[in-house]
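Survey of secondary and tertiary structure
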Amino acid sequence: MNHSSDPASPSGERVLRGIPAAGGVIHARVMVVRQAAPEVVRHSLPAGDADGEIKRFQNALVETRQQIQEIQQRVSEAMGAEEAGIFDAHLLTLEDPTLIQQVVRRLTTDHVNAEWAFHEVIGQYVTALQVVEDEYLRERAADIRDIGHRVLNNLMGLAAEQGLARLSQPSIIVAHDLAPSTTAMLDRTKVLGFVTEAGGVTSHTAIMARKLRIPAIVGLPEATRRLHSGEYALIDGHGGSLIVNPTDATLFQYGQIRERRAAFDQRLSDLRDQPAVTMDGRRLVLAANIDEPGDVAEARRAGAEGIGLFRTEYLFLKVGELPDEDAQTAAYKAAVEAAAPEAVVIRTLDLGGDKLLPGALPEANPFLGWRAIRISLAHRDWFAVQLRSILRASAHGKVRLMYPMISSLEELLDANAVLEECRSALRTEGIPFDPELEVGMMIEVPGAALIASQFAPHVDFFSLGTNDLTQYTLAVDRMNERVATLHRVAHPGVLQLIHLTVLAARAHGCSVSACGEAAGDPAFIPLLVGLGVDELSATAAVIPEAKFLLRRLKYQEAVELAQAALKAGTASEVERLSRNVAEQAAPELFSDR
Ligand code: PEP
Ligand code: MG
């Protein structure tokens, strides 16, 4: 596709379309983010300019130090001081007198620009470290390179992906892609919206945008080339359009949408303490998905009844390594205490796919590869540390433990065996935990759904991960914008698997929840409820709408809808059926979609 000349209306307004990822409307300045190392060019300067360059260099060092201290502070709040200590080495590099002197010497004797002088000196450091025998020192080369990029970006006034945590101006970020770990660090006061070229609705970056309530569009082709830093644009996060240079008429139209939205939000907030019960009395649990203990407060504010999915891998991704047992226990305990008396479903590590630890080996098909429970079972030492931490936290409130990506009965039995070993070790050590702790597994792999009745005797609950279940059933990469329209949870094949899971659960007295993105999408909620799901878990931002709908829904109608949907031949038909029921029950939710 060639987008070299996007058609602009006579007013200069251009409309670009992508995939709506997180709702909301925002109008702001665009910042296009470069993701590779900055390109540094040498300039010769008049001899008298050295002082100015030295000043610029010093300012960049100060700015970099502030950025790192800010990241360190966030990591320390999320994970504790020990984990945040890894940034001390970064700070020391910035204060290294030899390094600073070498740069200053080049500025005064070579009469070059500060970027070039710093780039040359830091390059020598990295090269020298890369060839030493000592493994620890060799690893430091990566730290120094990272610091070097940061300083260069600050010198050049660029927002590097890592620098997004501290933008100088409130902006709409435009990037090829944003790693989930980067999105997690975004400063909400500065990142008002974002647009990426890559990704689909269920990519973890899109999920994070909804959590952070940042209007976002993903899968917008060639966005980094079609947009320019400094332009003004409006994101319509519901519709998936980016309107560049919007006219006054467009701004007025969207202003009205925002006003309507704000008035409706007020109505939604009145439901906060009401139960999620249908008009004809079917009681559901509407819980929240979280990534860190600090998210529980917002989940409560949104009216969630407990936590249905704690994605623990973000604790790991934020610090780039595996926290020890005490740090993990502290994080889980904090979440459990904050959610009390409601339960917290803590999912064991789901690394892999698009959630990679730094240094992870590249794979041709990461979603089919080294991911989730497969990593845990291969690294039993890590797995045991996590299970012990979860068990220890269970002494402080209601915890439910959940395994991700189980694809075979052997895996489940193996995981349960490690859990049993951890229980007995804690008993021997006299460390308390909840002996009644419930254990569940995610249903994300079609093969697992097909044999749900084999799993059911060994678990207390199932949780449908509709994001992955859809991806794996339909062979549609949830990250790939080119096939994003094929990722449809309403596909009759996916429905049959959900149906089988519910039947197996009912036969064995297990409960079933759904915690993929469909669980928080009003268009799919009637379908999931009608299929027999007992609990829905979604990001806090969408819980008020979900509750609004549930309280206007008739369970009996949802059941009839599901019966019709199970006989349907196409996803479009199922989507139409479910949306009709939702729209009739709560038209307010669909007026701006
Ligand atoms: C899912 O796959 O639906 C799910 C909830 O897990 P995640 O999005 O973390 O892969
Ligand atoms: Mg999943």
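Note that this is a predicted model, so its numbers are computed, not measured. (Residues numbered from 1 in each chain as written. Chains lettered and ligands numbered in written order. Predicted model: local features only at pLDDT ≥ 70, side-chain atom pairs only at ≥ 80, totals over all residues. Heavy atoms only, no water.)

1. Focus on the coordination of the magnesium ion (ligand 2)
Each donor-metal-donor angle in an ideal tetrahedron of four donors is 109.5 degrees, and each such angle in an ideal octahedron of six donors is either 90 or 180 degrees. Coordination of the magnesium ion (ligand 2) by the protein is provided by E444 (OE) and D468 (OD), with metal-donor distances spanning 1.9 to 2.0 Å. Residue E444 is located in the loop between β13 (438-443) and α17 (446-450), and its partner D468 is located in helix α19 (residues 466-474); the two are separated by 24 residues in the primary sequence. The buried category is assigned to E444, whose relative accessible area is 2%. (Donors = N, O, S within 2.8 Å, 3.2 Å for Na, K, Ca; no water. Helix = DSSP H or I, 4+ residues; strand = E, 2+ residues; numbered from the N terminus. Buried < 20%, exposed > 50% of the residue type's maximum accessible area, 1.4 Å probe, protein only.)

2. As for the domain arrangement of the chain
The assigned domain composition of the chain is domain 1 (14-35 + 161-247), domain 2 (47-156) and domain 3 (276-589). Its C-alpha centre places domain 2 at a distance of 42 Å from the equivalent point of domain 3. (Domains from an automatic or database assignment.)

3. Some details on the packing of helix α23 (residues 555-565) against helix α24 (residues 571-585)
Remark: α23 packs on α24, axes separated minimally by 10 Å, with the N-to-C direction vectors making an angle of 170 degrees. Of the possible angle classes, the one that applies to α23 and α24 is roughly antiparallel. Contact with α23, carried on its side by E557, L561, A564 and A565, involves V574, L577, S578 and V581 of α24 and no other residues of that element. (Axes fitted to C-alpha atoms, helices over the stretch in contact; angles between N-to-C directions. Parallel < 35°, antiparallel > 145°, perpendicular 65-115°, else oblique. Contact = heavy atoms within 4.5 Å.)

4. Considerations on the site of ligand 1
Taken together, 17 residues form the shell around ligand 1, and within it R311, R347, G465, N467 and R478 come nearest. One of the side-chain N or O atoms of R478 is found 2.8 Å from an oxygen atom in ligand 1. For ligand 1, whose free accessible area comes to 280 Å², the fraction covered by protein is 100%. Contributions of two or more residues to the shell around ligand 1 are made by α8 (204-212), β10 (307-311) and α19. Its residues placed into classes, the shell around ligand 1 shows four nonpolar, five polar and eight charged. (Near = heavy atom within 4 Å. Polar contact = N/O pair within 3.5 Å; in protein donor to acceptor, adjacent residues only side chain to side chain. Areas by Shrake-Rupley, 256 points an atom, 1.4 Å probe, with all protein chains shown as cover. Nonpolar A, V, L, I, M, F, W, Y, C, P; charged D, E, K, R; others polar.)

5. Structural notes on the environment of A505
Here A505 shows up in helix α20 (residues 492-508). A505 has contacts with F462, C510 and V512, leaving out every residue within four places of it along the chain.

6. Details of the packing of aromatic side chains
Within the structure shown, the criterion is met by four aromatic pairs. Taking the centre distance of 5.8 Å and the plane angle of 40 degrees together, the rings of F57 and F118 count as tilted. One end of the pair, F57, is in helix α1 (residues 50-79); the other, F118, is in helix α5 (residues 114-130), with 61 residues separating them in the sequence. Residue F118 is classed as buried on the basis of its relative accessible area, which comes to 2%. An angle of 85 degrees between the planes, with centres 5.9 Å apart, marks the rings of F310 and Y332 as edge-to-face. Of this pair, F310 sits in strand β10 while Y332 is found in helix α13 (residues 325-339), placing the two residues 22 residues apart along the sequence. (Phe/Tyr/Trp six-rings, centres within 6.5 Å; stacked < 30°, edge-to-face > 60°.)

7. Focus: the sheet that holds strand β6 (residues 216-218)
One open sheet holds the eight strands; their spatial order is β1-β8-β7-β3-β4-β5-β6-β2, and the pairing between them is mixed. Every other strand in the sheet has two partners, leaving β1 (14-17) and β2 (19-22) as the edge strands with one partner each. Geometrically, the sheet is characterised by an average inter-axis angle of 30 degrees between neighbouring strands, direction not taken into account. Strand direction decides the pairing type here: strand β7 (residues 232-236) and strand β8 (residues 241-244), joined by four bridges, are antiparallel. Following the sheet pairing, I235 is matched in β8 by L242. Along the sheet face, α8 touches β2, β5 (191-196) and β6 and points at about 50 degrees away from the line of β2. Docked against the sheet, helix α10 (residues 248-269) engages β3 (25-32), β7 and β8, running at close to 125 degrees with respect to β3. (Pairing = 2+ DSSP bridges.)

8. Some remarks on unusual backbone geometry
Residue A340 is joined to P341 through a cis peptide bond whose omega torsion reads 5 degrees. Within the secondary structure, P341 is located in the loop between α13 and β11 (344-347). For H111, which is not a glycine, the phi torsion comes out positive at approximately 55 degrees. Along the polypeptide, H111 turns up in the loop between α4 (97-110) and α5.

9. Quick word on the packing of α19 against α20
Close contact between α19 and α20 brings their axes to 9 Å; oriented N to C, the two are set at 125 degrees. Comparing their axes, α20 and α19 come out oblique. Note that α19 runs across α20; the crossing there is right-handed. Facing T466, L469, T470, T473 and L474 of α19, the residues of α20 in contact are G493, V494, L497 and I498. Counted by class, the contact of α19 with α20 contains five nonpolar, four polar and no charged residues. (Left-handed = near helix turned anticlockwise from the far one by under 90°.)

10. So, the state of the cysteines
The tally for this structure, following the rule as stated, stands at zero disulfides. Of all cysteine sulfurs, the one in C515 lies closest to C510, which takes part in no disulfide; the gap is 16 Å. A relative accessible area of 10% places C510 in the buried class. (Disulfide = S-S within 2.5 Å.)

11. A word on the pattern of salt bridges
Throughout the structure, instances matching the rule amount to 36 salt bridges. One salt bridge connects E53 with R56, and the closest N-O pair in it is separated by 3.1 Å. Remark: R56 and E53 occur in helix α1; sequence separation between them is three residues, near one turn of the helix. Of the residues examined, E53 reaches a relative accessible area of 11% and is grouped as buried. For R225, the salt bridge goes to E222, with nearest N and O atoms at 2.7 Å. The network of salt bridges with shared partners includes E313, R347, D350, K355, R371, D468 and R478. (Salt bridge = Lys/Arg side-chain N within 4 Å of Asp/Glu carboxyl O.)

12. Concerning the sheet that holds strand β12 (residues 399-403)
Pairing is parallel around the closed barrel formed by eight strands, whose spatial order is β9-β10-β11-β12-β13-β14-β15-β16. Looking at each pair of strands side by side, their axes are set apart by 25 degrees on average, direction ignored. Pairing between strand β9 (residues 285-290) and strand β16 (residues 535-539): five bridges, direction parallel. Looking at β16, one finds that A288 is bridged to A538. Running over the sheet, helix α16 (residues 409-429) touches β12 and β13 and is turned about 140 degrees from β12.

13. Side note on the side chain of E535
Note on placement: E535 falls in strand β16. Among residues more than four places away in sequence, those in contact with E535 are V285, A287, G308, R400, V512, S513 and A514.

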